[in-house]
Protein chains: 2
Amino acid sequence: MLAIMSPMPSDHVPSTSAAPGRAASPRAESTRLALLAAAREEFAERGIAGARVDRIARRAGVNKERIYGYFGSKEKLFDAVIETALDELVEVTALPGDDPAGWVGRMFDYYREHPDLARLLLWEGLYGRTESLPEQRRRIAHCQDKIDSLAAHLGREPSHEIGRLLLTLIGLALIPLAFPQLAELFRTPVDGPEAAAEMREHLTAFVRMALANADFS
Amino acid sequence: MLAIMSPMPSDHVPSTSAAPGRAASPRAESTRLALLAAAREEFAERGIAGARVDRIARRAGVNKERIYGYFGSKEKLFDAVIETALDELVEVTALPGDDPAGWVGRMFDYYREHPDLARLLLWEGLYGRTESLPEQRRRIAHCQDKIDSLAAHLGREPSHEIGRLLLTLIGLALIPLAFPQLAELFRTPVDGPEAAAEMREHLTAFVRMALANADFS
DNA sequence: GGGAGTCAACCAACCGGTTGGTGGCCAATG
DNA sequence: CATTGGCCACCAACCGGTTGGTTGACTCCC
């Protein structure tokens, strides 16, 4: 009747700052945040498989071991980064309100100024998570507000169709960042402020026209 | 800056089948193609950093050493895969012709049936190539035909604006594959045939409306 | 014979993860 | 107040396994 000799049943609690037990010391919290920021840069640049834990630690000016002390593993660190990124996404994605086209333009600007966010989204989409993140229900509920806002502006009830429309709108703002090769194929300049301004104008005009006589089932 | 001290100054010529020297034997060509196909699967699933050369060789039923004999390195093998993918892309992307909305729907279907292609595009976009691939000019010229076709349908001259529009249209068809997490956030089902049909209908309707009174500068 | 491919072994570098130990902070103790 | 002692963040060094890449001897078959 040998009990299983697992030395520690993996109670790696302190994955988030909301650790229930003892309040984290300010010093500890600051290094945890430095690690998170450095990991975000590294993961945004190289993805999970391409990221190197040593590099993350060096970037943060922190010992590599702290990563495992705070997060447990490279993948859990990635998940923590993704969670902060998703929170930032749903927070920064204001309500479409009465101007969906302008909203797409603003989202486009934001992604241009913060490519990290878009790249993290792309990496994570390719990575193919199996089970959903904690707090995902809260994020989904938060996004429901945006669906409601868009539906109200269009004078319709919230529905899957409105959700699809919102997905399309956000996707539009992300296209230039996600497919630079396609832009090259179609000789569409993407770098530089004036190229961005033209692309932004194109996207907003496109959305404005699509929603001009919005009658979709 | 992992400059590996390669003893050979990398004159690995036979990267493509169009090796100038001697004609490749049919047997050699078949294993080269098997390697290419296996590499495509592996790279589409895991990206460059996540792919393993041993796995590629095993998948192809070929010895690992052959990869270096034919392609020289993992990265060059990836480039070869990307080149075939880009060729497939520009070939399969028929002219928009007189029905851009239906064309987007067909592209959407194609990407659904061949997720490999879309995933390879995403990986490569994130990878961030510095210099462009060989034969890229030919591909760009080929895409110019599509721009011309779309311009003709709209009764306009080919321009950067038409190129941007084409980029937007192709991007639209790729959104559901590129951003599954956003779809989850907006509760937009993506899997299953009927969900795909609805998404397809949404996209085509969106494009139809956007192009209904197409007057963009 | 000779090109094509296989197989097994090998290598240096590297990667994620672990460990023993150090030093500073702080509360209890005298 | 000074001493003690434990706790905690931190670090340098280390570990076992893996990775991309190479080599050379052997087989197969046109």
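Computed from a predicted model, the values in this text were never measured in an experiment.

Calculation rules
Residues numbered from 1 in each chain as written. Chains lettered and ligands numbered in written order. Predicted model: local features only at pLDDT ≥ 70, side-chain atom pairs only at ≥ 80, totals over all residues. Heavy atoms only, no water. Axes fitted to C-alpha atoms, helices over the stretch in contact; angles between N-to-C directions. Helix = DSSP H or I, 4+ residues; strand = E, 2+ residues; numbered from the N terminus. Parallel < 35°, antiparallel > 145°, perpendicular 65-115°, else oblique. Left-handed = near helix turned anticlockwise from the far one by under 90°. Contact = heavy atoms within 4.5 Å. Nonpolar A, V, L, I, M, F, W, Y, C, P; charged D, E, K, R; others polar. Near = heavy atom within 4 Å. Polar contact = N/O pair within 3.5 Å; in protein donor to acceptor, adjacent residues only side chain to side chain. Core = buried A, V, L, I, M, F, W, Y, C linked by side-chain atoms within 4.5 Å. Buried < 20%, exposed > 50% of the residue type's maximum accessible area, 1.4 Å probe, protein only. Least-squares fit on C-alpha atoms with pLDDT ≥ 70 in both. Salt bridge = Lys/Arg side-chain N within 4 Å of Asp/Glu carboxyl O.

Description of the packing of helix H5 (residues 100-113) of chain A against helix H8 (residues 160-178) of chain A
Residues and elements named next belong to chain A.
- Running from N to C, H5 and H8 point in directions that differ by 40°, and their axes come no closer than 9 Å. With respect to their mutual orientation, H5 and H8 come out oblique. Crossing of H5 against H8: the hand is right-handed. Of H8, the residues touching H5 (which contributes Pro 100, Trp 103, Val 104, Met 107, Phe 108, Tyr 111 and Arg 112) are Leu 166, Leu 169, Ile 170, Ala 173, Leu 174, Pro 176 and Leu 177.
- Of the residues contributing to the contact of H5 with H8, the split by class is 13 nonpolar, no polar and one charged.

Quick word on the protein's contact with DNA strand C
- Of all residues adjacent to DNA strand C, which total 19 residues, the nearest are A:Lys64, A:Tyr68, A:Lys74, B:Thr31 and B:Tyr70.
- Atoms of DNA strand C within 4 Å of the protein belong to the sugar or the phosphate in 66% of instances, the rest to bases.
- At 2.6 Å from a phosphate oxygen of DNA strand C is found a side-chain nitrogen or oxygen belonging to B:Thr31.
- Of all the elements in the fold, those that place two or more residues in the surface near DNA strand C are helix H2 (53-60) and helix H3 (64-70) of chain A together with helix H1 (26-50) and helix H3 (64-70) of chain B.
- Of the residues assigned to the surface near DNA strand C, the class counts are six nonpolar, five polar and eight charged.

Let's talk about the nonpolar core
- One finds A:Phe43, A:Tyr111, A:Leu169, B:Phe43, B:Tyr111 and B:Leu169 to be the most contacted residues of the largest nonpolar core, which totals 140 residues.
- With residues near it in sequence (within four places) discarded, B:Tyr111 still touches B:Leu89, B:Leu117, B:Ala118, B:Ile170, B:Ala173, B:Leu174 and B:Leu177.

Side note on the protein's contact with DNA strand D
- Taken together, 19 residues sit near DNA strand D, with A:Thr31, A:Asn63, B:Lys64, B:Tyr68 and B:Lys74 positioned nearest.
- Put simply, 66% of the atoms of DNA strand D that lie within 4 Å of the protein are in sugar or phosphate.
- With respect to DNA strand D, the backbone of B:Ala51 contributes an N or O atom lying 3.1 Å from a phosphate oxygen.
- B:Tyr68 places a side-chain nitrogen or oxygen 3.1 Å from a phosphate oxygen of DNA strand D.
- Tallied by class, residues from the surface near DNA strand D come to six nonpolar, four polar and nine charged.

What about the relation of the copies chain B and chain A?
- In screw terms, the move from chain B to chain A is a rotation of 180° and a rise of 0.0 Å along the axis, fitting with an RMSD of 0.1 Å. Overall, the copies show the geometry of a two-fold rotation axis. Residue B:Ala210, judged by its C-alpha, is the member of chain B lying nearest the rotation axis, at 1.9 Å.
- A symmetric contact is evident, with 100% of the interface residues of chain B recurring at the interface of chain A.

Structural notes on the pattern of salt bridges
Residue and element names in this part refer to chain A.
- Under the definition given, this model contains 34 salt bridges over all chains.
- For Asp 79, the salt bridge is made with Arg 129, and the minimal N-O distance between the two is 2.8 Å. Here Asp 79, found in helix H4 (residues 74-92), pairs with Arg 129, found in the loop between helix H6 (115-127) and helix H7 (136-154); they are 50 residues apart in sequence, far enough to count as distant.
- As a salt-bridge pair, Arg 139 and Glu 83 come within 3.5 Å of each other at their nearest N and O atoms. Residue Arg 139 is found in helix H7, and its partner Glu 83 is found in helix H4; the two are separated by 56 residues along the sequence. Glu 83 matches Arg 139 in its accessibility class, with the two residues each being buried.
- Each of the salt bridges in this network shares a partner with another, and the network as a whole consists of Glu 41, Glu 42, Glu 45, Arg 55 and Arg 59.

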